[in-house]
Amino acid sequence: MRWMDRWLGRVFVLLVATIVFTGAAPRGQAAREAELTSLLRHLAAQGEDASDSEEWRGLELPGPNDVILGKGARTLGAAAARLQKAYALTPEAARHFLAARLWLVPPGESWDSLSKEQALRALEAHRAALLEAPGHPALVASLIDNVSELLNAPGYTRAVAEALDTAPDPAQLALRLARFQHYTWSSEFAAYAVSREPELLPQALDIFGLDSNQGRATQFYLAAWRALTASQQAPFPRQLAERLVRNLLTQSQPALALKVVEAFPADARQALLAKDEGALSAEQRLARDELGLGIAVTLLAAGREAEARLWYEAVKARPVVAPDERDEKRLAKRAKSQRECADFLFTWKPGADSFEMLLLHVDDVFGTAGALLSARALAERFPGRARDKLQWELRNDDRSVVKELLLLPADRLRFLSDARADMEAGFQEERSRLEQALAQLPPPPEPRGTVAPDPMAARISAHLATPALLVFSEKELPKTRGNTTWKPMKTLELPDGFRLVRAERSNQKVIAVALSQRLDPVGELSGGGYWVLLSEDGGQHWEAPLYTGLRQYQPYELEKASPVPLLDGQVLRLAASVRQLDEKSVTFPPIDLEVKREVKNRMLEAPLAALRQDTDGDGLTDLVEDRLLLDMKAADTDGDGVPDGNDTLPQVPAVSSAPPADVRAELVSALLFELAGKKDVPPGLVTGVPSEEAQADPLRLPQFQAPTSLEDLCFLSLDRSELRGVHAPGTTVTFSDAELQRARERFGMFFPLDVEIHVNLAGDRALLVWNERWRGGSFLARRDKGRWVLESRGNWVT
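What you are looking at is a predicted structure, and each value in this text was computed from that prediction instead of being measured.

When you look at the overall build of the protein chain in this model, what are you seeing that I'm missing?
A tally of helices and strands in the protein chain yields 29 helices and 18 strands. Residues counted as buried form 53% of the 798 residues belonging to the protein chain. A sequence separation of at least 24 residues applies to 61% of the contacts in the protein chain between residues at least 6 apart. Split by element, the accessible area of the protein chain, about 37400 Å² in all, is 52% carbon and sulfur.

Written out as structure tokens, the structure is:
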């Protein structure tokens, strides 16, 4: 009954086409033509950006946008006539094709302005055109050319399948479309052609090529390899087999990769093992070495050490390739990393120091085989890092090719069926190996805060159980400014670490409200907390900044202008809006933040004295002490004789004057001073919660650079016992895992500095890894003349 389903589908499309393209719908013919004319003008306004002939060159067809905008009048009729001539279409098919292309033009500035309704109209216009010209390559190519706009439109993939099935020669059409080199479709078009006509496999391979490392391509290569090697008459497809092995090794399919290698005939295997370079180019030699080392490490992970060493020694016997071209240099850099990793894996023995393994990226260059071997080496001394490597591999579920859903119906791609089944079985086998290796590791350590008795734990827990200190009251914002001597200032230079929000001046007195992350390390989410700065000499000198206890988007955002002055006598009055961040929307980079509550025209009021209040006289205001989880009624929270305002570790009692040397304390000290010096700390770019105008722009530019500092104050996620004996450049407070969770509930989301320290057996080298969730990096520390010298190994920022 498939013919009847197809017939009914065609009738439905004709009915929809009649409604959409003849104007019988309530929208009206005139309204439809006016909208299409507007889209035509919008397409023309894009200039060279609208050109698409370069992408269509592989099909030996002109790009439809270039045809539509060709010489002559820019009217719907003229554009349809040009399409009719360029593609030998009927007038009706050309009109539908024009409508299809124009419905795909976003009416606004961004591609997000293309509505689902427009995409659906474009799809139906394509289908109507294909009813007039079944199997026309330009019409089907237009469908797949706009896959990102149409993929989620109902019936899109079915429309592509119908276009192939109803073509005069479906297999040849599919082969031609495979030349489009579209990642999403090309391998499926090649498989579609071979599924219908198996004898087309050599031609399909030639068109699709052997240079793709994508998962969809690997399915096709595996199916092709099986088909070609099943024939006793056909020569062994060596180039196909080598590409297939490379792909399988990088896609968590080592067992399948080894099966392919085992099927290599003697001469093909010898070519990979040979020392003689022959006529190979530098790029070919680098690729051969990469493949050889990949096979060697995979065999080693499978417990086949003798065979593994055969491949490893073959590569080691060859000279290192000296590249000339840029691409060759990129491959050579990767080859160098592979050799270093392989050297370690083949020389390491149980009981040996595995510190060097921390400095290598074995799993990056050797996939799951590398992860298994490196975890095996790290398990004894660095079980946490071993666990991280295995868990990372297990998280990569997207490596399962079968999770990449087929776009065309499975019955049209029978050629791929066995290959997909084999790859899924191989993927599950590899997951089982990783899970078994993970289960054999020592259990993870207890949560931070339980390593040793902590005299401050109960005190901090009690503090976190109380509500956060608030000194502002919220009122309705007055509508008139009234008479005042305070005048707004547009520009003002503030101390480092502060970003101006609003400032006013009265003679020589200046008051400014600014953002800073000194007490609110939120990275790229916002500017941090709000502070007040006061000057008596026009901004030449500033009093100590006053923390307000307010943070941007938690829940307020202060306005840049207001009908009321910032200061009324000694009362601070801040114009604000409630724009409470929905923390569930936070991703990194945070480009799509959302608010969960919004109220405009609010005023926050508090006496300046409340901001200056220092109950215990220790030099820190009550608002600051509350944020640092210190006791605002005790000048020395940790009881070590140093007032909180002068204590760089106010939660950690000082150790004796001559403590025994502690390597970890020395390394934490070195890291804090290195980061405070800002030598290798990448800045964050704050996008913030978008305004109503910016919400529709997914590519909006950041508002400003995050005013961050690790010099004045540092929040750590580290056990307090590890801070004994640490020297810090500024006030440093730390949180256990449980404390951090409760502090976030109390103050809102923030990101303390997390530190990992890994020391070698000799105690003279260490790897320091720091992470604030939105940025991080690592240092290699070396002991030199009694002190630690840090060398950056790179950093990252979202």
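Structure's up, so let's keep going.
What is the right way to look at the pattern of salt bridges in this model?
Where side chains of opposite charge bring their charged atoms close, a pairing between them can arise. Per the counting criterion, the structure on display carries 45 salt bridges. For Arg 304, the salt bridge goes to Glu 262, with nearest N and O atoms at 2.9 Å. Note that Arg 304 is positioned in the loop between helix H18 (282-301) and helix H19 (305-316) and Glu 262 in helix H16 (residues 254-262), a separation of 42 residues in sequence. Take Arg 304: its relative accessible area is 26%, and that puts it in the partly exposed class. Residue Glu 305 is joined to Arg 309 by a salt bridge in which the shortest nitrogen-to-oxygen separation is 3.1 Å. Here Arg 309 and Glu 305 lie together in helix H19, a separation of four residues that amounts to about one turn. Among the charged side chains, a salt-bridge network with shared partners connects Glu 124, Arg 127, Arg 158 and Glu 162.

Explain the packing of aromatic side chains here, please?
Two aromatic rings are characterised by how far apart their centres lie and by the angle between their planes. Under the counting rule described, the total for this entry stands at 15 aromatic pairs. Consider the rings of Phe 715 and Phe 735, whose centres lie 5.8 Å apart with planes at 10°: the pair is stacked. You can see Phe 715 sitting in strand S13 (residues 713-717) and its partner Phe 735 sitting in the loop between strand S14 (731-734) and helix H29 (737-747), a full 20 residues away along the chain. Through a chain of ring-to-ring contacts, three or more aromatic side chains come together here, namely Phe 208, Phe 220, Tyr 221 and Phe 415. Above the ring of Trp 103, the side-chain terminus of Arg 121 is found at 4.7 Å from the ring centroid. In this arrangement the basic side chain of Arg 627 is found over the ring face of Phe 750, its NZ or CZ atom lying 4.7 Å from the centre.

Rules used throughout
- Residues numbered from 1 in each chain as written.
- Predicted model: local features only at pLDDT ≥ 70, side-chain atom pairs only at ≥ 80, totals over all residues.
- Heavy atoms only, no water.
- Helix = DSSP H or I, 4+ residues; strand = E, 2+ residues; numbered from the N terminus.
- Buried < 20%, exposed > 50% of the residue type's maximum accessible area, 1.4 Å probe, protein only.
- Contact = heavy atoms within 4.5 Å.
- Areas by Shrake-Rupley, 256 points an atom, 1.4 Å probe, with all protein chains shown as cover.
- Salt bridge = Lys/Arg side-chain N within 4 Å of Asp/Glu carboxyl O.
- Phe/Tyr/Trp six-rings, centres within 6.5 Å; stacked < 30°, edge-to-face > 60°.
- Lys NZ or Arg CZ within 6 Å of the ring centre and 35° of its normal.

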